[in-house]
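# Notes for the structure review
Here is what each chain is made of, one letter per residue.
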Amino acid sequence: MPSQFVSIGPLTLNLYTTLITLAVLVPSAWACLQTRDWHVVVVASVVALFALTFGRAGYIALHWEYFRERTDELFSLAGLSEHGAIWGGTMALLLSQRAVRLTLPPSVQRWWLPLAFLLAGIAASIGCIPNGCAYGQEVFWQTDGEHSLAWLLHADWPDAYSINNPRWPTQAFMAFWLITMGISWAVWVRRQANSESYRPALPAIGFVIPCFATGDFLIQFLRGDPAPAFAGLRIYQWLDMTLLASVAAILILGTRRAR
């Protein structure tokens with residue numbers, strides 16, 4: 001299992017934060033080198049800033065009982081809401097597209113944003129393993145069965161209190177899901193690249209976010225971290241459905257305006 005922290009010279013950084021930062025920087029640096037357009041850096045910076053701000057605000061809101069007594073921890077980055085980050089990043093992307101006119105080659109249009117979104121999701125999933133976030137329910141061969149799927153797939157990973165126990169490897173499930181969706185996206189892009197109906201603005205909003213929301217909704221049934229529940233569903237599953245509804249509304253409005 002990877003360590004929770006990585007050392008870079010005199011700095012000691014959390015693996016979770018480091019991986020997400022690299023996941024955003026690498027495709028953005030590639031896009032900038034391909035275009036020589038520094039507007040790419042501006043858009044990427046604004047999207048990242050909004051994602052971090054909304055992600056942290058969402059995490060605080062979901063765990064307010066804890067932070068109400070620990071206001072000194074409010075401005076740390078130790079804990080982000082993926083749903084808040086997605087909403088913030090999407091809002092920044094839509095605003096940036098209105099404020100900054102990017103003239104990007106087709107190859108950059110097709111790959112930059114969806115690749116950054118997917119890599120960030122994969123990085124967050126991997127970074128959560130040593131940090132004990134988004135961990136799975138505990139499984140036991142005595143009750144689940146020695147040959148059950150739960151026991152065959154279990155991983156001895158930690159929870160938020162750094163206690164290792166056999167669990168559903170939910171973080172690995174999400175990373176695998178996003179990698180699979182990324183491969184599917186690559187196949188679709190190659191087939192549609194020469195189509196007149198191809199819209200480069202579609203990927204980040206119309207493909208990547210619904211993929212995350214669908215995978216997260218299903219994986220939430222195996223999660224073991226505490227979360228409020230309503231009508232038999234965890235609050236994160238309600239947020240997933242809200243994401244899907246929001247994306248559908250954005251795409252419908254965008255289609256109407258294009259007519």
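Provided above is the structure to which this section pertains.
Reference entry: report on the structure contained in this document. (Residues numbered from 1 in each chain as written. Predicted model: local features only at pLDDT ≥ 70, side-chain atom pairs only at ≥ 80, totals over all residues. Heavy atoms only, no water.)

A word on the environment of Phe50. Mapped onto the elements of the fold, Phe50 is located in helix H2 (residues 39-62). Taking relative accessible area as the criterion, Phe50 reaches 25% and is therefore assigned partly exposed. Residues Phe50 and Met91, 41 residues apart in the sequence, show an inter-C-alpha distance of 7.8 Å. Excluding anything up to four places from it in sequence, Phe50 contacts Gly55, Gly88, Gly89, Met91, Ala92 and Leu95. (Helix = DSSP H or I, 4+ residues; strand = E, 2+ residues; numbered from the N terminus. Buried < 20%, exposed > 50% of the residue type's maximum accessible area, 1.4 Å probe, protein only. Contact = heavy atoms within 4.5 Å.)

For Ser125, the position within the fold is in helix H5 (residues 106-131). Residue class for Ser125 comes out buried when judged on its relative accessible area of 8%. Within the structure, Ser125 has its side chain in polar contact with the backbone oxygen of Gly121 (distance 2.9 Å). Beyond its immediate chain neighbours, meaning those up to four positions away, Ser125 contacts Gln171, Met174 and Ala175. (Polar contact = N/O pair within 3.5 Å; in protein donor to acceptor, adjacent residues only side chain to side chain.)

It is worth spelling out the environment of Leu13 at this point. Tracing the chain through its elements places Leu13 in strand S2 (residues 11-14). Here Leu13 falls in the partly exposed class, since its relative accessible area comes to 32%. With sequence-adjacent residues up to four places away left out, Leu13 is seen in contact with Gln4, Phe5, Val6, Ile8 and Thr18.

Turning our attention to the nonpolar core. Counting 20 residues, the largest nonpolar core has Ile209 and Leu243 as the members making the most contacts within it. Counting residues per element, the ones that place at least two in this core are H5, helix H8 (170-192), helix H9 (202-219) and helix H10 (235-258). In contact with Leu243, not counting residues within four places along its chain, are His83, Ile86, Trp87, Ile209, Phe212 and Ala213. Counting residues in hydrophobic clusters, the runner-up holds 10 residues, among them Val43, Val47, Ala92 and Leu93. (Core = buried A, V, L, I, M, F, W, Y, C linked by side-chain atoms within 4.5 Å.)

Further remarks concern the pairing of strand S4 (residues 164-167). As defined by bridge partners, strand S3 (residues 155-158) adjoins S4 across 4 bridges and the pair is classed as antiparallel. In the strand pairing of S4, Pro158 is matched with Asn164. A loop of 5 residues connects S3 with S4, the two strands running antiparallel in sequence, and Ser162 in this loop sits at a positive phi of about 65°. (Pairing = 2+ DSSP bridges.)

Over its 21 residues, helix H1 (residues 15-35) extends 30 Å from the first C-alpha to the last, a length consistent with the 30 Å expected when each residue adds 1.5 Å. Turning to H1, its buried residues are Leu15, Tyr16, Thr18, Ile20, Ala23, Pro27, Ser28, Ala31, Cys32 and Thr35. Of the residues one or two after H1, Arg36 is the one with positive phi, at around 60°. (Expected span 1.5 Å × (residues − 1).)

Okay, the state of the cysteines next. Summed over all chains, the structure comprises 1 disulfide. Covalently, Cys128 is tied to Cys133 through a disulfide, its sulfur atoms 2.1 Å apart. Its torsion about the S-S bond being -110°, the disulfide of Cys128 and Cys133 is classed as left-handed. (Disulfide = S-S within 2.5 Å.)

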